[in-house]
Amino acid sequence: MPDTVAPNLVSAVSEARQWQRLMEMAALGGFTDPGGHIGVNRACLTENDRKSRRLLISWAEEAGLSVSVDALGNLFLRHEGSDPTLAPVLTGSHMDSQPNGGRFDGIWGVIAGLEAVQALREAGVATKRPIEVVAWTNEEGGRYAPGCMGSMAYAAYRTPDTWNAVTDKNGVPFGDALAEHLASESDIARRPLGVVDGVAPYAYVEGHIEQGPTLELQDADIGVVTGIQGSRWFLVELTGKSDHAGTTPVGLRRDAVQDMVRAITALNALMHDPTDTLRFTVASIEVEPNTSNSVAGIARFTIDLRHPDNSILQPRGNAIDGVIQAAVRHCSVKLTERFHATPTVFAPLVPDAVEAAARAQGLRALRLPSGAFHDAQFMHPLCPTGMIFVPCRAGVSHHPAEYSEPSALAAGARVLAQVLTDLANH
Ligand code: GLV
Ligand code: MN
Ligand code: MN
């Protein structure tokens, strides 16, 4: 891997253009929260998602890239290589956001991919391999659980119809929302889902804000991501009986909320970790009928469990059902696992290229693992994969206060441009 910097390429990356694009994207689903922070709510397969994709497509076409979409709605922008038959280098991330999300999570990786490819075209840098920028469908899993549907289907980790019956809060099935969405993009060339003609990408590189505090605390410019911790998502449904809150003696109730409290308390004990490495989160709760004077007949809650070590992640996740069954007193328990991403350690090719490019550009690089999951986790089995992190203020993410400096994002795009160029000339 070259350890010299390509000066014309690096100077062709435009901090102003990248920032302007990010701010234009942030207006699609943008809002100001009570604290005055500008956040984004752009769920997948919504009108704002469609508008953001059209905007991206218009920039890509202006830059001379060809655009295609697959059966999961994954969107690809292709820069042709001098040998179009070679496996492409893939870069990108996602454009959907959390409901109370920020302006950079996901979208920066897509915009940075476009910026990097545009810069190399403007600088007249040729590549042997094609480079494709991808915007994966539904990484966040906020509207439809779980996240990473687009990349999971691309990688054939799940079949494309796996989530058709999953509904959003309004009861709209994913399959219907996807069909409507694809119909709205019927003018865009369709490509087969997954690896084309059995040729996996040569490598996958995803740019992302760190979403944690390490780079800022260590005064580093670029995170060389070594891997991603494992995640398991579960949905727990407790069914008891709804009754009158004033007349039903406590001893006769089958109260789903009380059993939920027992279950979560027992799970907190199961997940206790003195090293504070394990992440256990219950953050979405639904109760029926959800009125103050009716005993709850149904309680549903989500579990998000993460750990970098599979020998901890698996047994803790597998113990959930038994712990809940033992904790509840009156309800039946239904446990569904909705997401399962095993811990990932990236092969050296991409991390080494990222570190070399950062060093060649005089940037301070730090190796670190990712606590958040990313589409890169599902690309890892297909091809050498890695990620470039840039610092974000105080590590805040999944919140409107999420912020990265334009100069930090530009530094990330310059490293990405060099890494893509290097890999695409392998
Ligand atoms: C991704 O958004 C995650 O929850 O890690
Ligand atoms: Mn993300
Ligand atoms: Mn996210």
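Notes on the structure follow.

How each quantity is defined
Residues numbered from 1 in each chain as written. Chains lettered and ligands numbered in written order. Predicted model: local features only at pLDDT ≥ 70, side-chain atom pairs only at ≥ 80, totals over all residues. Heavy atoms only, no water. Donors = N, O, S within 2.8 Å, 3.2 Å for Na, K, Ca; no water. Helix = DSSP H or I, 4+ residues; strand = E, 2+ residues; numbered from the N terminus. Near = heavy atom within 4 Å. Polar contact = N/O pair within 3.5 Å; in protein donor to acceptor, adjacent residues only side chain to side chain. Areas by Shrake-Rupley, 256 points an atom, 1.4 Å probe, with all protein chains shown as cover. Nonpolar A, V, L, I, M, F, W, Y, C, P; charged D, E, K, R; others polar. Buried < 20%, exposed > 50% of the residue type's maximum accessible area, 1.4 Å probe, protein only. Lys, Arg positive; Asp, Glu negative; His and termini not counted. Salt bridge = Lys/Arg side-chain N within 4 Å of Asp/Glu carboxyl O. Contact = heavy atoms within 4.5 Å.

### Examining the coordination of the manganese ion (ligand 3)
Thought 1: Bound to the manganese ion (ligand 3) on the protein side are D105 (OD), E140 (OE), E140 (OE) and H398 (NE2), at distances that span 2.1 to 2.6 Å.
Thought 2: Here the donor residues for the manganese ion (ligand 3) map to a single chain with the spacing D-x34-E-x257-H.
Thought 3: A distance of 3.5 Å spans the gap from the manganese ion (ligand 3) to the manganese ion (ligand 2), which D105 bridges by coordinating each metal. Remark: H398 occurs in the loop between β17 (385-390) and α12 (406-424) and E140 occurs in the loop between β6 (131-136) and α5 (149-154); sequence separation between them is 258 residues.

### Points about the site of ligand 1
Thought 1: Neighbouring ligand 1 are the residues E139, E140, R306, A372, F373 and H398.
Thought 2: Within the side chain of E140, an N or O atom sits 2.9 Å from an oxygen atom of ligand 1.
Thought 3: Bound to the protein, ligand 1 loses 92% of the 190 Å² it would expose on its own.
Thought 4: The residue makeup of the shell around ligand 1, split by class, is 2 nonpolar, 1 polar and 3 charged.

### Topic: the coordination of the manganese ion (ligand 2)
Thought 1: Surrounding the manganese ion (ligand 2) are the protein donor atoms H94 (NE2), D105 (OD) and H208 (NE2), which sit 2.0 to 2.2 Å from the metal.
Thought 2: Every donor residue of the manganese ion (ligand 2) comes from the same chain, spaced as H-x10-D-x102-H.

### A look at the side chain of E210
Thought 1: Position of E210 among the secondary structure elements: in the loop between β8 (203-209) and α7 (214-217).
Thought 2: Despite its burial, E210 pairs with no opposite charge, the nearest such side chain being R279 at 9.8 Å.
Thought 3: Within polar-contact distance, the side chain of E210 engages the backbone nitrogen of T214 at 3.0 Å.
Thought 4: Looking at E210, its side chain comes within polar contact range of the main-chain nitrogen of L215, at 2.9 Å.
Thought 5: With sequence-adjacent residues up to four places away left out, E210 is seen in contact with L215, E216, L368, F389, V390 and C392.

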